[in-house]
Amino acid sequence: MSYHGLAKNFLKSQEISIGDIISIKKEGAEYRGMLLDRAEDADEFHIVLKMDNGYNIGVAIEKAEVKLLQKGEKPKIDLPPLDVQKDPKKMDISIVSTGGTVASIIDYKTGAVHPAFTAEDLLRATPELLDEANIHGKAIMNILSENMKPEYWIESAQSVADEINNGADGVVVAHGTDTMHYTSAALSFMIESPVPIIITGAQRSSDRPSSDAFLNLMSSVNAAKSDIAEVMVCMHATENDSKAHLHRGTKVRKMHTSRRDTFTSINSHPLAQVQDGKVKIIDTNYSYRKRNQTKLEINDSLEPKVAFIKSYPGITGEIIDYYVDKGYRGILLEGTGLGHCPDHLIPSIQRAVNDGIHVAMSSQCIYGRTNLNVYSTGRKLLSAGVIPVGDMLPETAYVKLVWALGQTTNQEEVEKIMQTNLKGELEDKSSSKHFSRDYGE
C-alpha cells in the first residue's frame, strides 16, 4: 500500500485495503467509493476515493468516520499492447527512468497510480509524445531521489551512453526532483555527448490536477530534439503551464520544496526556454555545445568517499577529524560568506590536507563567489591548502570533487580540475543580485 504515516495506520486499524468499497462520513456529508492507491510523494493526512460518478476525491482522515462496505481487490491494469509504428521522418528519443514522481502515471479507468517503466506506459500516459518523436523507454532503477548515490550516477551515465550508441538523437532522464541537480552535475562531468541529455521530473504526481509532469516531459522531449548538446534540467519556468526552462546541469538548484518552478539557474541565466514545443535560446551571447560537435565519451570513475560538511556556529574540528580517521579522500566545505569557517577548525583542516585529503571551499550564500584573499581567515585557509571554487554551487562542487578524485589523486591536478571551467560550472563574473524569473524576456 502506497499510503504511509497517519493514513496508513488509520486504514490498517480499520482493516481497509486499496480496492475496498468504503463509506466516509465527515462534517455532515457522506462519500462512498473505492479506495485508490496513491503516489509515493502523497501526504499522510488524506485518502482518495473513486466515486460511482467517476470522480476522484481526497478526504482528510481527521475526525472522519470510515466504514468498510465491501472488500475488493487492488485495481490491476490489463491493457492490450500498443501497436506503434516507427516514423522514419521523426527523431528517435530515449527516455531513461530512474524513478521519481514524473515516472508515475494514472490509469483513468481505475484511478490507480503506478510506475511508468516502459515506452508503452509513457505513451499511454502521454500519447502526445508520439507527435514529437519516436519514443524508446527504459527503466534502469526505481528509487526515490534521496536514495541516489555515486554508484547510481555511474549506472545512469552508462545507460545514457548505451542509448546514444544505439542511435538515440537525444536522451531524457526521468528523475526525482530532490537530488536532480546532483545527478545533472554528475552526468555533466562524466559524459561528453554529441546529443542533448535532458533531466526532468515533477513536483506533483499525475493523479493531481496541478501536476507538472505533462509539460515537463513534453518540453524535455522537444529539448532532446534541439541543437543544444549539453546536460540540462528541464522544469517549469513559472507556476502556470506556459513554458519550461532549460538550465545548465552544473548551474541549477532546487530552491523551493513544492513550487512547480522550483529549479533556478544560479549565478547564471537558463540556457533556453521551451514554449509551444519550440526551443528558444534566452541569451544569444551564451555559448553552448552544439549537436554532433563532439564524439561520445564517458569518464565515469568516481571517488565516493567525499564528505560534504556545512560550517556553522559551534562546529568542532572533531567532525573533520572523523572523516580523516575514516579514510575519506575529499571534503567539500560549505563555508560562510566568502568561504569561511571558524579559526579553530583550521588545525583539523591542515591535518586533513597533510594526510592527502583534498579540501575544497564553497559558500552557503549560493549567489556570488568565494574569495579567500579578503579576510585573515580566508588567507589562513589558503595557507592550509584549501581549494576555493569560485562561484560554483556547493552541490556541484561536491559532485565535481567526487569526479575529480576519480580521475586523479595528485594534489596539483585535483586543484587544477576544481578551478577549471569544464562544463559551465565556473564563470568569471557572477551576479551580485538574484536573477528575476522573467530574465528580460
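Residues numbered from 1 in each chain as written. Predicted model: local features only at pLDDT ≥ 70, side-chain atom pairs only at ≥ 80, totals over all residues. Heavy atoms only, no water.

*Asks:* Explain helix α3 (residues 150-165) to me, please; I cannot follow it from the model alone.
*Replies:* With 16 residues, α3 ought to run about 22 Å at 1.5 Å a step, and its terminal C-alpha atoms sit 23 Å apart, in line with that. Of all the positions in α3, only Pro150, Trp153, Ser156, Ala157, Ser159, Val160, Ala161, Glu163 and Ile164 are classed as buried. Of the residues one or two after α3, glycine 167 is the one with positive phi, at around 105°. (Helix = DSSP H or I, 4+ residues; strand = E, 2+ residues; numbered from the N terminus. Expected span 1.5 Å × (residues − 1). Buried < 20%, exposed > 50% of the residue type's maximum accessible area, 1.4 Å probe, protein only.)

*Asks:* Looking at this model, I keep getting lost on the pattern of salt bridges. Mind explaining?
*Replies:* If the charged atoms of two oppositely charged side chains come close together, the side chains can form a pair. Evaluation of the coordinates by the stated rule reveals 18 salt bridges. Across the pair aspartate 87 and lysine 90 runs a salt bridge, and its minimum N-O distance is 4.0 Å. Residue aspartate 87 is classed as partly exposed on the basis of its relative accessible area, which comes to 24%. Of the residues examined, lysine 90 reaches a relative accessible area of 28% and is grouped as partly exposed. A salt bridge links aspartate 391 to lysine 251; the shortest N-O distance between them is 3.0 Å. With aspartate 391 in the loop between β23 (387-388) and α9 (394-407) and lysine 251 in the loop between β14 (244-248) and β15 (252-254), this pair connects stretches of sequence that are 140 residues apart. Pair check on accessibility: aspartate 391 and lysine 251 agree, each one buried. Three or more residues joined by partner-sharing salt bridges are found here, namely Asp321, Asp325 and Arg351. (Salt bridge = Lys/Arg side-chain N within 4 Å of Asp/Glu carboxyl O.)

*Asks:* Would you mind showing me how to read the sheet that holds β23 here?
*Replies:* Whether parallel or antiparallel, the strands of a sheet pair through hydrogen bonds between backbone atoms. Sheet architecture is open: 4 strands sit in the order β20-β21-β22-β23, paired in parallel fashion. Each having just a single partner strand, β20 (306-310) and β23 make up the two edges of the open sheet. Of the strand pairs in this sheet, strand β21 (residues 330-335) and strand β22 (residues 358-363) are connected by 6 bridges, and their pairing is parallel. When the bridges of β22 are listed, isoleucine 331 appears paired with valine 359. The strands touched by helix α6 (residues 317-325) are β20 and β21; relative to β20, the strand with the most contacts, the crossing angle is about 175°. (Pairing = 2+ DSSP bridges. Contact = heavy atoms within 4.5 Å. Axes fitted to C-alpha atoms, helices over the stretch in contact; angles between N-to-C directions.)

*Asks:* Honestly, the packing of α6 against helix α7 (residues 346-354) in this entry has me stumped. Any pointers?
*Replies:* Each pair of packed helices can be described by the angle between their axes along with the distance between the axes. Following both chains from N to C, one finds α6 and α7 inclined at 15°, their axes separated by 8 Å at the closest point. Classified by the angle their axes make, α6 and α7 are roughly parallel. The handedness of the crossing between α6 and α7 is left-handed. On α7, the residues touching Gly317, Ile320, Asp321, Val324 and Asp325 of α6 are Ser348, Ile349, Arg351 and Ala352. Across the contact of α6 with α7, the residue classes tally to 4 nonpolar, 2 polar and 3 charged. (Parallel < 35°, antiparallel > 145°, perpendicular 65-115°, else oblique. Left-handed = near helix turned anticlockwise from the far one by under 90°. Nonpolar A, V, L, I, M, F, W, Y, C, P; charged D, E, K, R; others polar.)

*Asks:* When you look at the environment of leucine 6 in this model, what are you seeing that I'm missing?
*Replies:* With respect to the helices, strands and loops of the structure, leucine 6 is situated in helix α1 (residues 5-13). Taking the C-alpha atoms as reference, leucine 6 lies 6.2 Å from phenylalanine 45; in sequence the two are 39 residues apart. Not counting residues up to four positions away in its chain, the partners in contact with leucine 6 are Glu44, Phe45 and Ile61.

*Asks:* Whenever I open this one, the sheet that holds strand β1 (residues 21-26) confuses me. Can you help?
*Replies:* As summarised here, the arrangement of the 5 strands in space is β4-β3-β2-β1-β5, forming an open sheet in which the pairing is antiparallel. Of all the strands in the sheet, the pair left with one neighbour each is β4 (56-60) and β5 (65-70). Averaged over all adjacent pairs, the angle separating strand axes in this sheet is 40°, with direction ignored. Across 6 bridges, the pairing between β1 and strand β2 (residues 29-35) is antiparallel. Bridged to serine 23 within β2 is arginine 32.

These results come straight from atomic positions and should not be treated as a statement about function.
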